[in-house]
Amino acid sequence: MNFYITGTRRGLGEALACKYGNIDSLEHCDVFINCKHDEYKQVELLYQASELGKRIINIGSNSPDTTKRKPHPYQIQKAALDIANNQLFYQGVNTTIVRFGYFDSPRVANVEDKKMSIEYCVEVIDWILQQPHRVKDITVVPD
């Protein structure tokens, strides 16, 4: 299988690219891992990958739950990804969104809450890829 993974310069994207490799073309991949947050670009890429018939794993966020934090554009952008994933899943697209809580990455190095390891997050994605059935969504947060 060929993987196209966004956001591979650091953190989870880098770990995923190390495990699965990373080709530089959405058109030539079998699996698209939509990892890089870039405003609404994740939603645009999700729709492009679905039109190409790709297996898709979106890295969402547990933070769109506005009861946890003050409203912020990040929450809205990740919520849009959630809604698009849901829409496409029920149209038959093999798309999954994974909503992680904090995991140990450079982006949240200053956060003192409990964090999961990046290795564990990679294991979760690996588990999803091994399922014989479609997985619409999963939320994983540290204890």
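Up top is the structure.
Worth saying up front: this structure is predicted, and the values here are computed from it rather than measured.

Draft legend 1. Looking closely at a positive patch on the surface. On the surface, R9, R10, K36 and R107 cluster together into a positively charged patch. Checked against the element boundaries, K36 lands in the loop between β2 (31–34) and α2 (41–51).

Draft legend 2. Quick peek at unusual backbone geometry. Even without a glycine there, the phi angle at E39 is positive, about 55°. By secondary structure assignment, the location of E39 is in the loop between β2 and α2.

Draft legend 3. Helix α1 (residues 11–20), seen in detail. Looking only at α1, the buried set comprises G11, L12, G13, L16, A17 and Y20. Looking at the buried side of α1, the elements it contacts are β1 (3–5), β2, β3 (55–59), β4 (95–100) and α4 (118–130). Count one or two residues on from α1 and you reach G21, which has phi positive near 80°.

Draft legend 4. Up close: the state of the cysteines. Applying the stated rule across the entire model yields zero disulfides. Cysteine C29 is unpaired, with the sulfur of C35 as its nearest cysteine sulfur at 14 Å. In this structure C35 is not part of a disulfide, and its nearest cysteine sulfur, from C121, lies 9.6 Å away. With relative accessibility at 14%, the residue C35 sits in the buried group.

Draft legend 5. Region of interest: the environment of Q131. Relative to the elements of secondary structure, Q131 occurs in the loop between α4 and β5 (137–140). Classification of Q131 as partly exposed rests on a relative accessible area of 27%. Sequence separation of Q131 and F32 is 99 residues, and the distance between their C-alpha atoms is 16 Å.

Criteria and cut-off values
- Residues numbered from 1 in each chain as written.
- Predicted model: local features only at pLDDT ≥ 70, side-chain atom pairs only at ≥ 80, totals over all residues.
- Heavy atoms only, no water.
- Patch = residues over 30% accessible without salt bridge, like charges linked within 9 Å, V, L, I, M, F, W, Y side chains within 5 Å.
- Areas by Shrake-Rupley, 256 points an atom, 1.4 Å probe, with all protein chains shown as cover.
- Salt bridge = Lys/Arg side-chain N within 4 Å of Asp/Glu carboxyl O.
- Lys, Arg positive; Asp, Glu negative; His and termini not counted.
- Charge placed at Lys NZ, Arg CZ, Asp CG, Glu CD.
- Helix = DSSP H or I, 4+ residues; strand = E, 2+ residues; numbered from the N terminus.
- Buried < 20%, exposed > 50% of the residue type's maximum accessible area, 1.4 Å probe, protein only.
- Contact = heavy atoms within 4.5 Å.
- Disulfide = S-S within 2.5 Å.

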